[in-house]
Amino acid sequence: MSMMSAKKLLMIPGPTPVVRSIQNEMGRETIAFGDPAFVGDFSHVVNDLKTLWKTSGEVFVVAGSGTLAMEMAIANSTKRGDPVLVVSHGYFGDRFVEIGQRKQLQVDVLASPWGSIVPLEKIESQLKSKPYQAVTVTHVDTSTAVCAPVEEISRLVRKHSDACYIVDGVAATGAEREYVDEMNIDILFTASQKAFGVPPGLAVLWAGEKALARKKQLGLIPEYYVDFDKWLPIMHDPSKYFATPPVNLIWALQEALRIISAEGLEVRYQRHLRNARAIHCAMESLGMRILAEPAHRAVTLSGVLYPEGIQDIQFRNTLAAEGVQVAGGLGQYAGKMFRLGHMGNIDDHTLVSAVAAIERTLSKLGVLPEIGRGVSAVMKSIESKN
Ligand SMILES: *Cc1c(COP(=O)(O)O)cnc(C)c1O
């Protein structure tokens, strides 16, 4: 390696690279949350989120991570003893089981082997078998890089149940197609550090009309910080106080939404799909396999299985020295694969650089027969029209 230290590309599934204009918002002088200049900005953020993800319901922007949003979703839609169905495609799906059990819900789980999805027929027959208060699904499970068919599941939930349909969009929102009302999603949520490309610290949650009605029926809930009713007055008029909003993060989110609007959500979805295909081609050209089945691959990250003879820690350390940070596998795939994030505000330059650094790493580890295959594959795929 040269003496010049390489800029480290953050290719993990969150936090994702934060572009300069968003970083600048974090560096602004912090002002009072009641300052009219900030109140106006916060209102814009709330309204843009509603408009872009198309809901006539409500949006909540609160300090916290994605896990807080999971808890907020469950807290406002269920009460102790309620039956809920968790559709799990990995580690983050399973997290709903734990949250539900803590709340003493009756949790039923439909889980798939890692890399595939729960068959729709199985979900359908489970929904027919008993009435559920809530059904949860993780749009992209970050442990497996599997994308769930949220629209198809939504149709089944509507057809057979009165359940509140909760979609964890933490590794999907802003990259995989999601429209709240059109898709009959009752609660959708994400976190700032994934496909929005904002530093960690904000939870964003959309609640459609049905979820809001369900909350009314529940009355007073035991949870305090995540109670919709505590936040609604703030979301309608951010000059009011409930708990201090993270001023700079909200500015950062405002800039992220400006970038998303300028690009256009549909264009952004297409770009993510194109990039994911290019990464899959590149990894396969280097003799590696993608964990997720082809029909269910996420556009936001890839789980890449190591070929024989590669040691996880050595691979990731060498790659980090080459300037690219990736994440290890979770659970049963710890040591067996790496997870490469490719969501958010990522340009072609970053994509090609990441593949080149992976090639240099494989070459250093003595398992690359020929240099340039991966870069060639990623470039060809980016340039191709389909
Ligand atoms: C990252 C992630 C979470 C948890 O978010 P945190 O911000 O780490 O709390 C939940 N679900 C999915 C799908 C995720 O990718």
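The rules behind these values
- Residues numbered from 1 in each chain as written.
- Predicted model: local features only at pLDDT ≥ 70, side-chain atom pairs only at ≥ 80, totals over all residues.
- Heavy atoms only, no water.
- Phe/Tyr/Trp six-rings, centres within 6.5 Å; stacked < 30°, edge-to-face > 60°.
- Helix = DSSP H or I, 4+ residues; strand = E, 2+ residues; numbered from the N terminus.
- Buried < 20%, exposed > 50% of the residue type's maximum accessible area, 1.4 Å probe, protein only.
- Lys NZ or Arg CZ within 6 Å of the ring centre and 35° of its normal.
- Near = heavy atom within 4 Å.
- Polar contact = N/O pair within 3.5 Å; in protein donor to acceptor, adjacent residues only side chain to side chain.
- Areas by Shrake-Rupley, 256 points an atom, 1.4 Å probe, with all protein chains shown as cover.
- Nonpolar A, V, L, I, M, F, W, Y, C, P; charged D, E, K, R; others polar.
- Salt bridge = Lys/Arg side-chain N within 4 Å of Asp/Glu carboxyl O.
- Pairing = 2+ DSSP bridges.
- Right-handed = clockwise from strand over helix to strand, strands pointing away.
- Core = buried A, V, L, I, M, F, W, Y, C linked by side-chain atoms within 4.5 Å.
- Contact = heavy atoms within 4.5 Å.
- Lys, Arg positive; Asp, Glu negative; His and termini not counted.
- Expected span 1.5 Å × (residues − 1).
- Domains from an automatic or database assignment.
- Buried area = accessible area lost by both parts, 1.4 Å probe.
- Axes fitted to C-alpha atoms, helices over the stretch in contact; angles between N-to-C directions.

Novice: I'm lost on the packing of aromatic side chains in this one. Help?
Specialist: We describe a pair of aromatic rings using the distance from one ring centre to the other and the angle between the two ring planes. For the coordinates displayed, the defined rule picks out 16 aromatic pairs. Residues F60 and F228 carry aromatic rings whose centres are separated by 4.4 Å and whose planes lie at 15° to one another, so their mutual orientation is stacked. Within this pair, whereas F60 is found in strand 2 (residues 58-63), its partner F228 is found in helix 8 (residues 228-236), the two being separated by 168 residues in sequence. Residues F60 and F228 agree in their burial class; the two are buried. Taken together, Y224, Y225, W231 and F242 form an aromatic cluster joined through their ring pairs. One cation-aromatic arrangement involves K54 over Y179; the distance from NZ or CZ to the ring centre is 4.3 Å.

Novice: I keep staring at the site of the ligand and nothing clicks. Help me out?
Specialist: Near the ligand the following residues occur: S65, G66, T67, F92, T138, V140, T142, D168, V170, A171, Q193 and K194. T67 places a side-chain nitrogen or oxygen 2.6 Å from an oxygen atom of the ligand. A distance of 2.7 Å is found between an oxygen atom of the ligand and a side-chain nitrogen or oxygen belonging to K194. For the ligand, whose unbound accessible area comes to 380 Å², protein coverage reaches 89%. Split by residue class, the shell around the ligand holds 4 nonpolar, 6 polar and 2 charged.

Novice: Quick question: what am I supposed to make of the pattern of salt bridges here?
Specialist: Where charged atoms of side chains with opposite charge meet at close range, the side chains can pair. Enumeration according to the criterion identifies 22 salt bridges in this entry. A salt bridge links R28 to E25, with the shortest nitrogen-to-oxygen separation between them at 2.9 Å. The exposure class of E25 is buried, given its relative accessible area of 16%. The salt bridge involving D312 is made with R316; its shortest N-O contact spans 2.9 Å. Note that D312 and R316 are positioned in helix 11 (residues 312-321) at a spacing of 4 residues, about one turn of the helix. Residues joined by salt bridges that share partners form a network here, namely D162, K210 and R214.

Novice: What am I meant to see in the pairing of strand 3 (residues 83-88) here?
Specialist: The two faces of a sheet get side chains in turn, since along a regular strand they alternate between them. Burial runs high along strand 3: 6 of the 6 residues are buried. Side-chain alternation along strand 3 places P83, L85 and V87 on one buried face and V84, V86 and S88 on a second face that is also buried. In this sheet, strand 4 (residues 106-111) lies alongside strand 3 in parallel orientation, the contact comprising 6 bridges. Of the residues in strand 4, the one forming a bridge with L85 is D108. The parallel pair strand 3 and strand 4, bridged by helix 4 (residues 91-102), forms a crossover whose chirality is right-handed.

Novice: How should I be thinking about the sheet that holds strand 15 (residues 337-341) in this particular structure?
Specialist: Hydrogen bonds along the backbone pair up the strands of a sheet, which may run parallel or antiparallel. In spatial order, the strands read 11-12-15-14; together these 4 strands make up an open sheet with antiparallel pairing. Each edge of the sheet is formed by a strand with only one pairing partner; in this case those strands are strand 11 (289-290) and strand 14 (327-328). Across 5 bridges, the pairing between strand 12 (residues 301-305) and strand 15 is antiparallel. The residue of strand 15 that forms the bridge with L301 is G341.

Novice: Explain the nonpolar core to me, please; I cannot follow it from the model alone.
Specialist: It is characteristic of soluble globular proteins that their nonpolar side chains tend to be buried jointly. Core analysis: the largest hydrophobic core is formed by 87 residues, its most contacted members being L49, W53, V61 and F189. Here this core gets 10 residues from one element, more than from any other, and that element is helix 9 (residues 247-263). Apart from the residues lying within four places of it in its own chain, the contact partners of V61 are F42, V45, V46, L49, L202, A203, M235, I250 and L253. In this structure, V304, Y306, F338 and L368 belong to the second largest nonpolar core, which totals 30 residues.

Novice: I would appreciate a short explanation of the side chain of R339 in the present structure.
Specialist: Here R339 lies in strand 15. One buried charged residue, R339, forms no salt bridge at all, with the nearest opposite charge on D141 at 7.1 Å. At a separation of 2.7 Å, a polar atom in the side chain of R339 contacts the main-chain carbonyl oxygen of T142. Setting aside residues no more than four positions away along its own chain, R339 makes contact with M11, P13, T142, S143, L301, S302, G303, V326, A327, G328, G329 and L330.

Novice: Looking at this structure, I do not really get helix 12 (residues 348-364). What am I missing?
Specialist: One turn of the α-helix equals 3.6 residues, which is why residues spaced by three or four share an orientation. Its 17 residues give helix 12 an end-to-end C-alpha distance of 24 Å, which sits within 8% of 24 Å, the value for a rise of 1.5 Å per residue. Contacts made by the buried residues of helix 12 are with strand 1 (9-10), helix 10 (265-285), helix 11, strand 13 (324-325), strand 15 and helix 13 (373-383). Count one or two residues on from helix 12 and you reach G366, which has phi positive near 75°.

Novice: How should the domain arrangement of the protein chain be read in this particular structure?
Specialist: In many analyses, interface size is given as the accessible surface area lost on bringing the parts together. Annotation of the protein chain at the domain level lists domain 1 (9-16 + 264-383) and domain 2 (20-263). Each of domain 1 and domain 2 has a C-alpha centre, and these two points are 28 Å apart. Taken together, the contact pairs 33 residues of domain 1 with 34 residues of domain 2. Of the roughly 2700 Å² buried between domain 1 and domain 2 on both sides combined, carbon and sulfur atoms contribute 56%. The interface formed by domain 1 and domain 2 holds 3 salt bridges in total. Residue R268 pairs with E263 through a salt bridge whose shortest N-O separation is 3.1 Å. Where domain 1 touches domain 2, the interface holds 16 residue pairs in polar contact (both at pLDDT 80 or more). Here the side of domain 1 that touches domain 2 gets 8 residues from one element, more than from any other, and that element is helix 10. For the side of domain 1 that touches domain 2, the residue count by class is 14 nonpolar, 13 polar and 6 charged.

Novice: What is the right way to read the sheet that holds strand 2 from this model?
Specialist: Judged by pairing direction, the sheet is mixed, and its 7 strands sit side by side in the order 2-10-9-8-5-3-4 without closing on themselves. Of all strands in the sheet, those bounded by a partner on one side alone are strand 2 and strand 4. The sheet shows a mean angle of 15° between the axes of neighbouring strands, direction not considered. Inspection of the sheet shows strand 2 paired to strand 10 (residues 202-207) by 6 bridges, in the antiparallel sense. From the neighbouring strand, E58 faces strand 10, where its bridge partner is A207. Lying over the sheet, helix 9 contacts strand 2 and strand 10, oriented at roughly 60° with respect to strand 10.

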